[in-house]
Amino acid sequence: MTQSNRIDGGLIDRDRALSFRFNGKTMTGHPGDTLASALLANGQRLVGRSFKYHRPRGIFSCGSEEPNALVQLRTGAAQEPNTRATVVELYDQLSATSQNHRGPLAFDFMGVNDLLSPFLSAGFYYKTFMWPKAFWEKIYEPVIRNSAGLGKLSMKGDVDRYDHGFLHCDVLVIGAGPAGLSAALAAGRSGARVILADEDFRMGGRLLAETLEVDGMPGVDWAAEALAELSSMDNVRLMTRTTVYGAFDHGVYGALERMTDHLPTSGNKPRQVLWRVYSKRAVLCAGATERSIAFGNNDRPGVMLAGAVRAYANRYGVAPGKRVTVMTNNDDGWRTATDLLAKGVKVAALIDTRTGITRTLDGVRVETGSGLIDTKGHNGISWATLQSGIKIETDCLAVAGGWSPNVHLTCHQRGRPTWSEDIAAFVPGSDLPPGMRVAGSANGTMTMGACLTEGRDVANETIRDLGFTASRKAAAKAEDEASDITAFWHMGGSKARAWVDLQNDVTTKDIKQSHTEGFRSVEHLKRYTTLGMATDQGKTANVLGLAILAEASGKTIPETGTTIFRPPYTPVPLGAFAGRSRGQDFKPFRLTPSHDWAKSNGATFIETGMWLRAQWFARPGEKGWRDSVDREVTMTRNSVGICDVTTLGKIDIQGRDAAAFLNKIYCNGFAKLALGKVRYGLMLREDGLAYDDGTTARMSENHFVMTTTTANAVTVFRNMEFARQCLWPDMDVHLISTTDGWAQFAVAGPNARKLLQNVVDEGHDISNEAFPFMACGEITICGGIPARLFRISFSGELAYEIAVPARYGNALMGVLMEAGKEFDATPYGTEALGVMRIEKGHAAGNELNGQTTAAMLGMGRMVSKAKDSIGSKLSERPGLNEEGDLRLVGLRPVDRSVLLNAGAHFITKGDTPSMETDQGWMTSVAYSPSLGHSVGLGFVKSGTDRMGEVIRAYDPLRGKDTDVEIVSAHFIDPEGERLRA
Amino acid sequence: MPDFTLTPTSPLKGFDKQFGDIRLREVTDQAILSLATPLGGETALKAAVGSAWGLEMPAPGRSSRADDGKVHLLGLGADQIFILKPHDHLQPDAPVREALNGAGYATDQSDVWAMLEITGPGLRRALERICPLDLHPDAFPVGAVARTMMEHMGAIILRSGEDAFILLAASSSAGSFLHAVETSLNWTAP
Amino acid sequence: MIINHPLLGPRDAAEFVVKGDANLINRPDWQADDAAQQFYEYAYLRDNPAGEHRELWYHEQGDRSWLVVTRNTLTHEVTKVELARDVARAAGRSA
């Protein structure tokens, strides 16, 4: 296919040809083209089908406002639906297909919807699919789902990469058209740090699309000079292909930079970067968007916005048609005609809806005070009909309905635009996001000279705010072109449907009908008709729709009101919001110091929060995890086992008031903890419920080392800082986390001491007499390496926890195994750890779940009444201390071969299971290799008074109903002889 | 008793790699300590720090460095600084406690953190992908220090030169942190 | 959102954790005659104004300070940021 509609001029590189495919057809374009301009150059008017009626549609605009020309870009997993051909930068071997049709684009089987249109008007979903009820699930919904949506997803994982980033500036200038360039120059010259962002791949905005002169040179040349000056400034960052999509609190703006979308492949670099821009001030120079006029069949391919037709001719060297007709309600439309004529493009007619226009154009039929009422043509316009009935042969209709300032970002913090009668458009209201100013046509300043001046003036005001001295340099000069407008919204006089919102197939009739049916608020109109929804958010349609609603209700536009805008200004891919945080990189991993050792010794890992912990260590011949876990428990209980417990939170506490502070934090007493001793502590929340537990060791008079549970390490630290700074601000106490600093290992089992004696340096006596249960101390091991030793036990065995600086952790794991060889020491993972704590009856996360009290956990008497500590007062509440409250007990199946389930509820024998007869629930279960049967922990009403009672563990979810006996939670060594051995 | 030797390993195993003009390496020879000011003990600590190292207590966000470059104090909060100094003692907090004689509360943080040094021109382009702070020299000059968050991980960043930064990240997640920095460097390479 | 930290300057709210009503500083006296009632109110009753509100924010990914941020819940405007410790002292919590 040749570039039949290519004409002279434009900002394209004709020396290079780019080959691309549309619906399988090979075409050519040039660098500087968009997909839309290249399609038009190749004479391709029909590019897609409309959403509801599957009407043939073509390219309507030349920017991000495009409602029609949505295409599927690329192929395979990289396929992206609903890309706007008008902003897709052409690259070599680009491949695109049209959307929303079954069968070929030129003959869409779903076009039948258009014939059914009398039944498919506004609200048809709500009316049609109500009855019969049974039809919804089987018929209506599948049919609707099948027809819904525009493009198609590849249904494959996104192969592209996305990134985030953070930028800082004094002034963010949004949009690099005349006003934006002028603003950036003024701000940049003052020395302020400026970011100038523009969604286009080339900066200049309408300067690139117009033939107007600036400072005595073509606007395009002036833009190039301005950009050259800006790029020479170190304090200015120019960001092309960057859409500022949202104005957020406190000067934070969201921006999407398309890094590689204009390239055939992204080359392992991120395709797009989502920037968070921290600005002190912002100048919005987002320009304006042209809108259409509604008349019969004004949606055919070839019907376009007049400013876009001009832009295609001037910027891209493309004539969208060979016999163009212009219909306008303002002076701007005339420039489309004059620019086309200057390019040698035939203009069939110019129709101005205004009366009293005396202007003429050489060789062009000019009609004033009139308009078009209908068009004809198959898959594209070929005739237009005037009100008078006269038919005009034309292949492109350029419609100029006036320009709407792009006020979107002014609304992102609930600002409301106001109506300006002068330009028949909404302009920014007075309630702008703090720090934002608006300049140029976004502000309703519609002519070139005024835009340049306003850009500079607003930027100068802005930088003076920030204490910079404004440059005295004047703004560039340009004539103010004629820009009069007389609002004109739609032509009557024809029965043909007149389209308002091309993307959602909303017609003038739909709007009137919705008003008749009582949807009178503009917000209701939007929801009922879908006006202004989907990818374009009604950029070319909203004002037109509003005007027609106003007319229907006999009100003015300001009385009718307007919808406001939310972010994003244009669609942002979800992948960009995710950034790097996907797959393996979804969140960081924390590794324990002995991770490498565990990895090379058969460990299976489990994620616990961000930590990766060894779950068990499989040995050859073990058939499943239970084999490994049972063995690890047995070997530990019979001899000695080693477990990396580094993940427990560690907090270093120092200060003259450290002991008194701990007394506030823990519900039990700590002030009198002796030097060289460890104590178990229970923390409550202020509401009196149990929060966290752990041990705290007194290393010296004013120095304590606390451990918390792995899960609560971060929040315990946070809450302790709260207590320190906000509740007791003049206690001398200081906290710092040392969780990662110390590799800590539990060494448990009857041979634990003997094993440790193999590594502890001479001079450190760790015998039972010198270092009894709950002792702690600083020692050295392996020839002088500093270590901390704590005689504490989670397993119920004779046990220690030994900590060394984390750098020695991986080596120590190997050394402990070596030193334990003679005892057949085993490493054990979190599963064995869990089994042993259940066998011992120690509470953990399942029991400390935020709904339980110290009393329920059997620790009611620990809560000191002799002092003030967090939660102690409310723990005394009657509601938490009632007769018959739940108590933690052990449970074992009457039939020892049965495995128990956590989550089962307890029912007294003979009762019917119900909420009323519920007696509590099973919190934790494990198979106890030590006992040879399943054991459980659970809360039972008055549980400690019901020892020996058999109750039902009722579990309808898993279809189980097991008789269990209530026993002590301490299945192993209830007297605690082992741990004191 | 058999002889056992504990061989230390650093969180990033001595990572050192060139990315074009930018070098990223793990620093393994530095001790890191936190030092808290006792309530009401500002004057005493200031004097002790002055006599120990000849240094001022840095304000939050600033750092002070000895002339020989060996001791570097980082102001991180109202009553907390970090000390960077050569790791030349098995218990780095012991000599600091001794030098300050109870005027401040020192805690060894050497193994809590992995330390990276990143040097080379234009590295701000890489760091701006992960660091929310403004690293422009006017906003974050040489000697500036801050604790912040990068890629969901807490981090401390210190500008040690015009084109040089020190990054501290939790040692347990050092691998993920390094991956984040490397990704930034790879993705912003020219 | 940006919180202008009194010691560190403007920082992104993403570095902070919010706790809510700054009245949580005013923890009751455990030995008061009506301590149970006071603690109940302290733990459960909060104002939730549409407008100016004093809130506790914790600079978790920063200097670990607790701040009292005066913020308009309708506009998100922040009009004052104080160190919570200073607020607590001013409220007489030094004892």
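Bear in mind the structure is a predicted one, so any value in this text is a computation, not a measurement.

1. A few points about the sheet that holds strand β23 (residues 391-393) of chain A
Residues and elements named next belong to chain A. Taken in spatial order, the 3 strands of this open sheet run β21-β22-β23, and their pairing is antiparallel. Strands at the two margins of the open sheet, each flanked by one partner only, are β21 (372-376) and β23. Neighbour to neighbour, the strand axes of the sheet diverge by 25 degrees on average, direction disregarded. With 4 bridges joining them, β21 and strand β22 (residues 383-386) adopt antiparallel strand pairing. Looking at β22, one finds that threonine 375 is bridged to alanine 384.

2. Topic: the domain arrangement of chain A
According to the domain assignment, chain A consists of domain 1 (1-158), domain 2 (162-288 + 405-465), domain 3 (289-402 + 486-560), domain 4 (599-647 + 741-836), domain 5 (650-740) and domain 6 (883-981). One C-alpha centre belongs to domain 3 of chain A, the other to domain 6 of chain A, and the line joining them spans 77 Å.

3. Looking at the packing of aromatic side chains
Residue and element names in this part refer to chain A. Enumeration according to the criterion identifies 19 aromatic pairs over all chains in this entry. Ring centres of tyrosine 245 and phenylalanine 248 lie 6.1 Å apart, and the angle between their planes is 70 degrees; on these two criteria the pair is classed as edge-to-face. According to the relative accessible area criterion, phenylalanine 248 is partly exposed, its value standing at 34%. Here a set of aromatic residues connected by ring pairs shows up, and it is made of Tyr245, Phe248 and Phe577. Stacked on the ring of tyrosine 569, the Lys or Arg lysine 539 has its end atom at 4.6 Å from the ring centre. Taking the ring centre of phenylalanine 670 as reference, the NZ or CZ of arginine 679 above it sits at 5.7 Å.

4. Re the interface of chain C and chain A
The interface is formed by 33 residues belonging to chain C together with 31 residues belonging to chain A. Buried area between chain C and chain A, both sides added, is near 2800 Å², and the carbon and sulfur share of it is 54%. Its largest share of buried area at the contact with chain A, chain C owes to C:Arg27, C:Trp30 and C:Arg85, together 26% of the area lost on that side. Applying the counting rule to chain C against chain A returns 5 salt bridges. We note a salt bridge from A:Asp868 to C:Arg27, for which the minimum N-O separation is 2.9 Å. Applying the counting criterion to the chain C and chain A interface returns 19 residue pairs in polar contact (both at pLDDT 80 or more). Among the elements that make up the side of chain C that touches chain A, the one with the highest residue count is helix α1 (residues 35-44) of chain C (7 residues). Among the residues making up the side of chain C that touches chain A, the classes are represented as 20 nonpolar, 4 polar and 9 charged.

5. Re the interface of chain B and chain A
Counting residues at the interface gives 56 residues for chain B and 64 residues for chain A. Summed over both sides, the interface of chain B with chain A buries roughly 4700 Å², with 52% coming from carbon and sulfur. In this structure, the connection of chain B to chain A is made through 6 salt bridges. Across the pair A:Asp163 and B:Arg129 runs a salt bridge, and its minimum N-O distance is 3.0 Å. Connecting chain B to chain A are 33 residue pairs in polar contact (both at pLDDT 80 or more). Per-element tally for the side of chain B that touches chain A: the top contributor is helix α4 (residues 174-188) of chain B, with 7 residues. Its residues placed into classes, the side of chain B that touches chain A shows 24 nonpolar, 21 polar and 11 charged.

6. Digging into helix α1 (residues 42-53) of chain B
Residue and element names in this part refer to chain B. An ideal rise of 1.5 Å per residue puts 16 Å on 12 residues; α1 measures up with 16 Å between its terminal C-alpha atoms. Looking at the packing, one finds that the buried side of α1 touches β3 (30-36), β5 (72-77), β6 (80-86) and α2 (93-100). Of the residues trailing α1, glycine 54 is marked for its positive phi of about 65 degrees.

7. Quick word on the sheet that holds strand β39 (residues 734-737) of chain A
Residues and elements named next belong to chain A. The 5 strands lie next to each other as β36-β37-β38-β35-β39, forming an open sheet whose pairing is antiparallel. In the strand order of this sheet, the two ends are held by β36 (678-684) and β39, each with one partner. Averaged over all pairs of adjacent strands, the angle between strand axes in this sheet comes to 30 degrees, irrespective of strand direction. As paired elements, strand β35 (residues 649-654) and β39 share 4 bridges and run antiparallel to each other. Across the sheet, residue aspartate 652 finds its bridge partner in β39, namely isoleucine 736. The sheet strands contacting helix α18 (residues 713-727) are β35, β36, β37 (690-700), β38 (703-708) and β39, and the helix crosses β39 at an angle near 165 degrees.

8. Considerations on the domain arrangement of chain B
Accessible area lost on assembly of the parts is the figure often given for the size of an interface. Residue and element names in this part refer to chain B. We note that the domain assignment places domain 1 (16-28 + 112-188) and domain 2 (30-110) within chain B. Opposite the 15 residues of domain 1 that make contact, domain 2 presents 16 residues. Of the roughly 1200 Å² buried at the junction of domain 1 and domain 2 (both faces included), carbon and sulfur atoms supply 63%. Along the contact surface separating domain 1 from domain 2 lie 0 salt bridges. At the boundary of domain 1 and domain 2, one finds 4 residue pairs in polar contact (both at pLDDT 80 or more). Listed by contribution, the elements that provide at least two residues to the side of domain 1 that touches domain 2 are β8 (113-119), β9 (145-150) and β10 (153-161). For the side of domain 1 that touches domain 2, the element with the highest residue contribution is β10, accounting for 3 residues. Counted by class, the side of domain 1 that touches domain 2 contains 11 nonpolar, 3 polar and 1 charged residues.

Rules used throughout
Residues numbered from 1 in each chain as written. Chains lettered and ligands numbered in written order. Predicted model: local features only at pLDDT ≥ 70, side-chain atom pairs only at ≥ 80, totals over all residues. Heavy atoms only, no water. Pairing = 2+ DSSP bridges. Helix = DSSP H or I, 4+ residues; strand = E, 2+ residues; numbered from the N terminus. Axes fitted to C-alpha atoms, helices over the stretch in contact; angles between N-to-C directions. Domains from an automatic or database assignment. Phe/Tyr/Trp six-rings, centres within 6.5 Å; stacked < 30°, edge-to-face > 60°. Buried < 20%, exposed > 50% of the residue type's maximum accessible area, 1.4 Å probe, protein only. Lys NZ or Arg CZ within 6 Å of the ring centre and 35° of its normal. Contact = heavy atoms within 4.5 Å. Buried area = accessible area lost by both parts, 1.4 Å probe. Salt bridge = Lys/Arg side-chain N within 4 Å of Asp/Glu carboxyl O. Polar contact = N/O pair within 3.5 Å; in protein donor to acceptor, adjacent residues only side chain to side chain. Nonpolar A, V, L, I, M, F, W, Y, C, P; charged D, E, K, R; others polar. Expected span 1.5 Å × (residues − 1).

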